[in-house]
Each structure stands twice: as structure tokens, then as C-alpha cells.
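# Structural description and commentary
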Amino acid sequence: MFQVALRRGLLSSSLVLVLSLFGISLFAAAQQDAKPASPDQAQAPAPAQAAPATTPAQTNSTQTADPLKRPISEKQKKENAKALKQELSKTYKKWLDEDVVYIISDEERKAFKQLSNDEERDQFIEAFWQRRDPTPDTEENEFKEEHYRRIEYANEHFAAGLPGWKTDRGRIYIMYGAADEIDAHPSGGTYDRPIEEGGGTTSTFPFEDWRYRYIEGIGQEVEIEFVDTCMCGDYHMTIDRGEKDALLHTPNGGETLYEQMGMASKADRFTSNGLETLGPGPDSTSQASKEFDRLERFAKLTAPPPVKFKDLEEVVSHKISMNLMPFDVRADFVKITGDTVLVPFTVQLKNRDITFANKDGVQRGVVNIFGRVTTLSGHIAQTFEDTVQADIPAELLAKAAENSQVYWKAIPLRPGRYRVDIVVKDVNGDRVGTWSKGIQVPDFADDRLDASSLIVADLVEPVASKNIGTGMFVIGATKVRPRVPPADGKPMTFKRNQKLNFWMQVYNLGVDDKTHKPSATVEYNVINATTNKAVVHTVESTDTMGNIGDQMTLQKTLSAANLDPGVYRIQIKVNDNISKQTLDPSATFAVE
């Protein structure tokens, strides 16, 4: 018995010794694998491996170096990618493949996959959201909050056997927000095709048409169609508007107008070699010419929007503060409809701040302008970009130094608060300037007397009927070129040989029930800011303004020569005798 026990003890000891030696071999192998492939390569080991010793200098270099700028060899990239699958925790994989899958750029995704430890990944994620924060000077990141709200909404409303964020409707909602209009047919059924789809009556699968008034980089009036061909609630985005036709493969079923009249065969829908299976109709030719546009738009819905001036967009995106290129901006507000406001932005640059270069004997200055309007949640409402070019004869350049170049862009916005970023670049001088400001687009409610911005302009004139509503500085049937006050708070300045023009619209005037006309008076007062006394006083009545309704446009011209040099205030007071409401907007200007 003793000998048996002894042999068992020796066997156990031998087994322990073998296992110990085997463990040491594994540890040594792990250490060997963890070593860099060459002296100039440095890779963080996987969490399950022991870290090699580092000197204080190496530690400090690792902590201060930018991980996105650190040179990485091809072998190192492959090793990092392999290690990523092993050590990337579920949290980071979920963030990359679910949370930001639709908004992260290819460059950002590639950079994230090259990071070698969790500390660098945390720093990357923090910087990712900071770059998209519309108000970096506040604690809240409205873009991030809005993004996760959209994911939550998509999961609640678009789930169909898979999470809502994975569906096509969920993806579009997360990327572009709520559509401006939705035409939903949740049960399908009888459908009268519009002429552009061939006309006639058919039966459809459930489908939805989403319409966006504007999507940056894609365009205006963007329509997206989703079809539920499986009748299971999983609506997929389609480029073929004929896909929703439930009778598409039914002989003699759901015929178009031409098919009913014998002018076309239903088989033509499948032999036309087009993108859609709508069948020929009265509008087929024009629809065929738009197929490439539809295909391009379909592709853009899943691609990052292109930017014309990449360097200017970079300044806006990364909130770089520059003021090397001075310029002034003003924003005005004019009512279009009950829920849409025209917001003209006027950018004014002094010739002395533009670099001119000789071009065919003429001094030419070129300035690129890029603008972006975003909601506080980070949704891009509008962008605009253009080039301002000034050609001045060489002998007149010195005299024109104090003159200005003016750029004007009007965009429609809904009432609410927005952030506006405008960047200008002096092409010849390679200087850049930025302007950022929050604006409140007013809600011109129907229940109160209201008015547009009071615009002090150096030019107000009617436009030809063919140009109404289009062109630079055109508001309705009038060309109004605003004078922009400088950013230092001083008033806009007019020379004594110039004309001063005042333009404003008044909304929601009371209308008499019997005469169906408004009854109001308008007082114009030009007040000397030094003496606080009126130097010009004029009163008008709606009785003498012709046929007007609940809206009227006011414009008045005054010669600056009639005013002594100094600072003045124009005040326009509107008294509505029917609603008993008043308005008295004012603006300040100077005469030199």
C-alpha cells in the first residue's frame, strides 16, 4: 500500500513538474509573440498577453504622440486588424457597427480600426462627437443627442423582424431625419397611377413615399419610395416605382392607359431595358430621360455629400477660428408662407481686404464663399457656396479700395433657431475668414401684426416680370440691395451723394368686414441721434396706397444730401386702426 501511494505521489509530482514546465513554455512563447517585429515597430500587446517593459522615454512618447498621425507599416496594419477581432470589446464593436454605422466616414472607420488599445479608442470616440457638435461652447452635444433619439425612434417605429435601425426606413430616418411629407399606403390596395407612372388603375403592395424639400449634396424635392413586397412590414427602398404593383406579373391585370388602348403590351415593361417596370405611357419619354438622375440620386442617398470648396468645408467642420480675412454679414427675414421664411444673407467685403492680381490687363480679385445652416440638433438645413469676382482697371484700383463687393444668398427656412457658419477665402492672397452666429427665424403667426426685417438699402428698384423672385437681391418683384453694418458695432455709412432706401413688409393687417380693406397709418421718422429730434417726418395711410390686403410692402427713398453729416435713426411706426396693434421697428445709419 505504501509503495502504491509512493508511486502515486511521484506520478503526481512529475505531472505537476511537467505542467509547470509547459506553462513556462507557453509564457515564454507569449512573451516572444508580444515582442515587436523590428526595433522601429511598437505595438500594444493584446490584453491576454504580458506587456514588455518600456523605458520612461518610450512611455512619454507613446502618451504624447497623435495615434492618427503615427506611421504604421503594412505588417503592423495587418497585425492590428487581426488583433482587433480578438480584443475589440462588444462595446466598441457595437459603437462602430451599430451606433454610427450610417454617419461615420470611410476615413474615420479605417482610422478607428488601426487603433491598438481602448484608451485610444475612447479618445477617438470623444473627438468623433466633438467634430459634429454644432455648439462646442456648451456642455450639450445636440448632434449626438439627436442622433441617438433618431435611433430610438427608428427602433420603435420601423422594426420588422429585425431592429428598426437596420431597415431602410430606419437608415434614411437616422441619416436625414423626418421627411417633410409622407404619402403612406399601409394596406396597399387599389391605386390610380399618376400619368408619369403610366396611368390606369392597379392594386399595390403596401408602400410609402417620403419627400424631403432639401437634402445637402443631393438636392431639392427628394422623393424616396419604400415598398413592402413581403407584406411583413419590412419596407425596402426601391428605385423602381413599378415594384409596388402587385399585379405586375398578372396577365391583363392592372394595365396602364396605353396597355388598355392596345398601344402597348404588358410584356414591354420587362423588355424596355430601363430601370423601372412602369410600362409605356403618355409621359414615358420624359421619364426615360430622368433615369440617370434617379440612379444618381439613389446612389447619393447612401454616399457622403460632396463639397465644392473642401478647404472651406474643413474650416466649418472643425470649428477653426480665423479672422485673417475680414468681412461683414447680415441676415434678414421675409415671410413666404405660414410656415416658411425667406432668409437672405448678405456678405460684404471691402476691396482693400481682397488681393487683386493682374489678369489680361485688369486687376482681378476672387473670393470663394461657403455657408452652412444647421439646426441646434446638428441637422444640416441648407448649404451654399459661390465665387465672388471683382474686375477693376489698374488705374482705378486705388480709388476703389474703400468700395465693397456684396454677395447675397436667400434660403427658405422654417421658424426656429439655427446656427450659421460662413467662411470666405481670398483666392489670390490665400487668406481665410469665418463668421458664426446663432439666428432665430421668426414665426409670423396669423393672429398678430408683424413685419419683416427693416432693410436699409443703397438700391431699391422694380425688376422685369421675367425676373420676379429670381436673381441676386431680388425679393418678390423688387431688387433690394442691403447695406451691411460693420462688425464693430458702428452704423452703416452713406455718402452725401447717395440715396437711402428703406424697405419693409407688414403682415396680418386687420381687414374691415364691410369694406374688406385694411385701415392703417404709417409714420416715417428720421431722428438725429445726437439731438434726438426728428429731421424728417412723413405720414401715409392705407387709403392712398391702392388695392392692398392684409399684407403691404413699404419702401421709401431719401437723398443723403438732405441730411447733415452725423448718425441717424429711421423709425417706421405702423398703426392698425382695426386690430388696434402697432409696430415701430428702427435702424441706425450714418451720413458722412
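Scroll up to find the structure.
Quick caveat: nothing in here was measured; it's all calculated off a predicted structure. (Residues numbered from 1 in each chain as written. Predicted model: local features only at pLDDT ≥ 70, side-chain atom pairs only at ≥ 80, totals over all residues. Heavy atoms only, no water.)

### Remarks on the pairing of strand S22 (residues 520-528)
Among the nine residues that make up S22, seven are buried, leaving the element largely enclosed by the rest of the structure. For S22 and strand S25 (residues 566-576), the ladder comprises nine bridges, and the chain directions are antiparallel. Pairing of Ala 520 across the sheet is with Asp 576, part of S25. Looking at chain direction, S22 and strand S23 (residues 533-541) are connected through eight bridges and run antiparallel. Counterpart to Tyr 524 in the pairing with S23 is Thr 538. Between S22 and S23, which pair antiparallel in sequence order, lie four residues; one of them, Asn 532, sits at a positive phi of approximately 60 degrees. (Buried < 20%, exposed > 50% of the residue type's maximum accessible area, 1.4 Å probe, protein only. Helix = DSSP H or I, 4+ residues; strand = E, 2+ residues; numbered from the N terminus. Pairing = 2+ DSSP bridges.)

### Notes on the sheet that holds strand S6 (residues 236-238)
Spatial ordering of the open sheet is given by S1-S4-S5-S6, a layout of four strands whose pairing is antiparallel. Here the strands that pair on one side only, and so sit at the sheet edges, are strand S1 (181-185) and S6. Going across the sheet, the axis of each strand differs from the next one's by a mean of 25 degrees, ignoring polarity. Sheet contacts for helix H8 (residues 168-176): strand S4 (207-215), strand S5 (219-227) and S6; angle to S4, the most-contacted strand, approximately 15 degrees. (Axes fitted to C-alpha atoms, helices over the stretch in contact; angles between N-to-C directions. Contact = heavy atoms within 4.5 Å.)

### Brief notes about helix H4 (residues 90-99)
For H4, the complete set of buried residues consists of Tyr 92, Trp 95, Leu 96 and Asp 99. Each buried residue of H4 lies within a common arc of 120 degrees when the element is viewed along its axis, so the set occupies one face. As for H4, its buried residues are in contact with helix H5 (106-113), helix H6 (118-130) and helix H7 (142-157). (Arc of directions from axis to C-beta.)

### Comments concerning unusual backbone geometry
Residues other than glycine seldom take positive phi values, yet Met 231 does so here, at roughly 55 degrees. Since its relative accessible area comes to 54%, Met 231 is described here as exposed. You will see that Asp 360, though not glycine, has its phi angle at about 55 degrees, which is positive. By secondary structure assignment, the location of Asp 360 is in the loop between strand S10 (356-359) and strand S11 (362-375). With a relative accessible area of 73%, Asp 360 lands in the exposed category.

Shape descriptors only; they carry no functional weight alone.
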